[in-house]
Amino acid sequence: MRKIILIFGIVFTSILVSGQENKISTGLASSVDYYNMFDFKSIVGFNHKYETNSAYSIGLRFQYNINEKLSLRSGLLYSEKGYKKNYNYIFMDAGDPLIPKESNLKISYLNVPLIIGYYLINKGNIKFSSSTGIISEFLISNTEISVFEDNSERNSEFLNQNLNGILLSAQVNVGLEYHMGKNLFFTIEPYVRYGINKIDDVIMNSNPISYGGILSVNYKL
């Protein structure tokens with residue numbers, strides 16, 4: 001993980017050194033992500049149900065405008081996602097402290113996008129663009145809390161046994177930039193993302209599809 005961050009820092013620093021005035025911008029970005037297409041495998045003989053937790057990302061955004069039409073973007077963002085499993089066990093005697101009723105897994109990643117964009121419209125303070133690229137996510141931590149039949153809550157490991165340490169996704173964006181003055185601008189970018197691999201290969205049938213919107217405030221250096 002440290003080597004990845006170091007390499008990213010060296011690459012971005014080299015861009016800063018070689019870049020020209022107003023071609024480089026940096027800012028803060030956040031997104032709300034909807035993973036409504038997690039496809040979990042069924043368990044024969046049980047009717048357990050999965051629910052997808054809300055997800056979000058927040059962090060730094062870097063952009064280099066190659067020319068008037070092309071841009072290259074990256075960043076370092078903290079990302080959180082996860083899911084809940086509702087068990088369907090039936091017992092004659094309720095209140096067993098060893099039998100879970102539900103498990104809730106929250107997973108944290110370091111999100112590193114590499115996106116190339118093309119400006120479709122560039123007029124005055126407003127720019128419209130389309131972009132595509134690869135999102136790399138590196139597992140930082142995970143926390144699982146289960147509620148048991150006696151209504152107690154504690155840490156557990158029912159869901160976090162087979163998490164992939166690195167996730168890769170392909171992403172397509174459309175974007176609107178609004179410039180306020182010479183250096184400050186805002187962006188709004190709806191996106192669709194397709195997971196090249198799964199969060200968990202054991203319990204998921206297919207790679208995830210997500211969509212959402214990215215908001216950022218940026219400053220040209």
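Look up a bit, the structure's there.
Residues numbered from 1 in each chain as written. Predicted model: local features only at pLDDT ≥ 70, side-chain atom pairs only at ≥ 80, totals over all residues. Heavy atoms only, no water.

> Tell me about the pattern of salt bridges, and please be specific about residues and values.
If charged atoms from side chains of opposite charge come close, those side chains can pair. Enumeration according to the criterion identifies three salt bridges in this entry. For the salt bridge of Arg-61 with Glu-189, the shortest nitrogen-to-oxygen distance reads 3.8 Å. In this pair, Arg-61 is assigned in strand β4 (residues 55-65) and Glu-189 in strand β10 (residues 184-195), connecting sequence segments 128 residues apart. Here Arg-73 and Glu-189 are joined by a salt bridge, their closest N and O atoms 2.8 Å apart. In this pair, Arg-73 sits in strand β5 (residues 70-86) while Glu-189 sits in strand β10, placing the two residues 116 residues apart along the sequence. The class of Arg-73 is buried, set by a relative accessible area of 9%. Among the residues examined, Glu-189 registers a relative accessible area of 4% and is labelled buried. Salt bridges sharing common partners tie together Arg-61, Arg-73 and Glu-189. (Salt bridge = Lys/Arg side-chain N within 4 Å of Asp/Glu carboxyl O. Helix = DSSP H or I, 4+ residues; strand = E, 2+ residues; numbered from the N terminus. Buried < 20%, exposed > 50% of the residue type's maximum accessible area, 1.4 Å probe, protein only.)

> Give me the lowdown on the side chain of Glu-177, citing residues and values where you can.
Note on placement: Glu-177 falls in strand β9 (residues 166-180). Buried and unpaired, Glu-177 has no salt bridge, with Lys-127 as the nearest side chain of opposite charge at 4.4 Å. Within the structure, Glu-177 has its side chain in polar contact with the side chain of Tyr-119 (distance 2.7 Å). Polar contacts involving the side chain of Glu-177 include one to the side chain of His-179, which spans 2.9 Å. Setting aside anything within four residues of it in sequence, one finds Glu-177 in contact with Gln-63, Tyr-119, Asn-125, Ile-126, Lys-127, Phe-185, Phe-186 and Thr-187. (Lys, Arg positive; Asp, Glu negative; His and termini not counted. Polar contact = N/O pair within 3.5 Å; in protein donor to acceptor, adjacent residues only side chain to side chain. Contact = heavy atoms within 4.5 Å.)

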